[in-house]
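# Structural description and commentary
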Amino acid sequence: MPSSQPLTVTEDLTIYHALELKEKLLDALSQTADLELNLAQVGEMDTAGLQLLVLLKKEAQRAGKCVRIVAHSQAVSAVVEFCNMAAEFGDPLLIPAHETP
């Protein structure tokens, strides 16, 4: 089992993709002790996507593993900030360089 595994999510984190992403993310978590999520390419996110990220963090904690969100798109940052969940994730909110003013 690799100690750290990067995973880039390109699908929207919405209710329309939640089931397939849940399986993909939990499968990735089962194969590593430290999952690095890159969400910089996520174009849209809703509360189903937010719930999925919370589930992934909780499953990692339960299993003694770590999930780190290493990059966020503007859509992800907006939902996390709107729901005041940044502290829950404990990861720095990163905005890709091409989106900075």
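Okay, so let's go over this structure. (Residues numbered from 1 in each chain as written. Predicted model: local features only at pLDDT ≥ 70, side-chain atom pairs only at ≥ 80, totals over all residues. Heavy atoms only, no water.)

Time to look at the nonpolar core. Counting 25 residues, the largest nonpolar core has Leu13, Leu35, Leu37, Leu39, Met45, Leu53 and Phe89 as its most contacted members. Looking at this core, the elements with two or more residues in it are α1 (18–30), β2 (34–39), α2 (47–62), β3 (66–72) and α3 (74–82). Top element by residues in this core is α2. It accounts for six residues. Among residues more than four places away in sequence, those in contact with Met45 are Leu13, Thr14, Leu50, Leu53, Ala75, Val76, Val79 and Val80. (Core = buried A, V, L, I, M, F, W, Y, C linked by side-chain atoms within 4.5 Å. Buried < 20%, exposed > 50% of the residue type's maximum accessible area, 1.4 Å probe, protein only. Helix = DSSP H or I, 4+ residues; strand = E, 2+ residues; numbered from the N terminus. Contact = heavy atoms within 4.5 Å.)

This part is about the pattern of salt bridges. Summed over the entire model, instances satisfying the criterion amount to five salt bridges. The residue Glu59 makes a salt bridge to Arg62 at a minimum N-O spacing of 2.8 Å. With Glu59 and Arg62 both in helix α2 and three residues apart, this pair spans about one turn of that helix. Taking relative accessible area as the criterion, Glu59 reaches 25% and is therefore assigned partly exposed. Judged by relative accessible area, Arg62 falls into the exposed class, the value being 63%. Residues participating in the shared-partner salt-bridge network are Asp34, Glu36 and Arg68. (Salt bridge = Lys/Arg side-chain N within 4 Å of Asp/Glu carboxyl O.)

Moving on, we come to α2. Taking 1.5 Å of rise per residue, 16 residues should cover 22 Å, and α2 covers 22 Å from first to last C-alpha, within 8% of that figure. When we look at burial in α2, the residues that qualify are Ala48, Gly49, Leu50, Leu52, Leu53, Val54, Leu56, Lys57 and Ala60. Following α2 by one or two positions, Gly64 has its phi on the positive side, about 75°. (Expected span 1.5 Å × (residues − 1).)

Contact geometry for α1 and α2: axes closest at 10 Å, N-to-C directions at 20°. Taken together, the axes of α1 and α2 lie roughly parallel to each other. The chirality of how α1 crosses α2 is right-handed. When α1 is examined against α2, the residues Ala18, Leu21, Lys22, Leu25, Leu26 and Leu29 are found in contact with a partner set consisting of Ala48, Leu52, Leu55, Leu56, Glu59 and Ala60. Taken together, the residues that form the contact of α1 with α2 break down as 10 nonpolar, no polar and two charged. (Axes fitted to C-alpha atoms, helices over the stretch in contact; angles between N-to-C directions. Parallel < 35°, antiparallel > 145°, perpendicular 65-115°, else oblique. Left-handed = near helix turned anticlockwise from the far one by under 90°. Nonpolar A, V, L, I, M, F, W, Y, C, P; charged D, E, K, R; others polar.)

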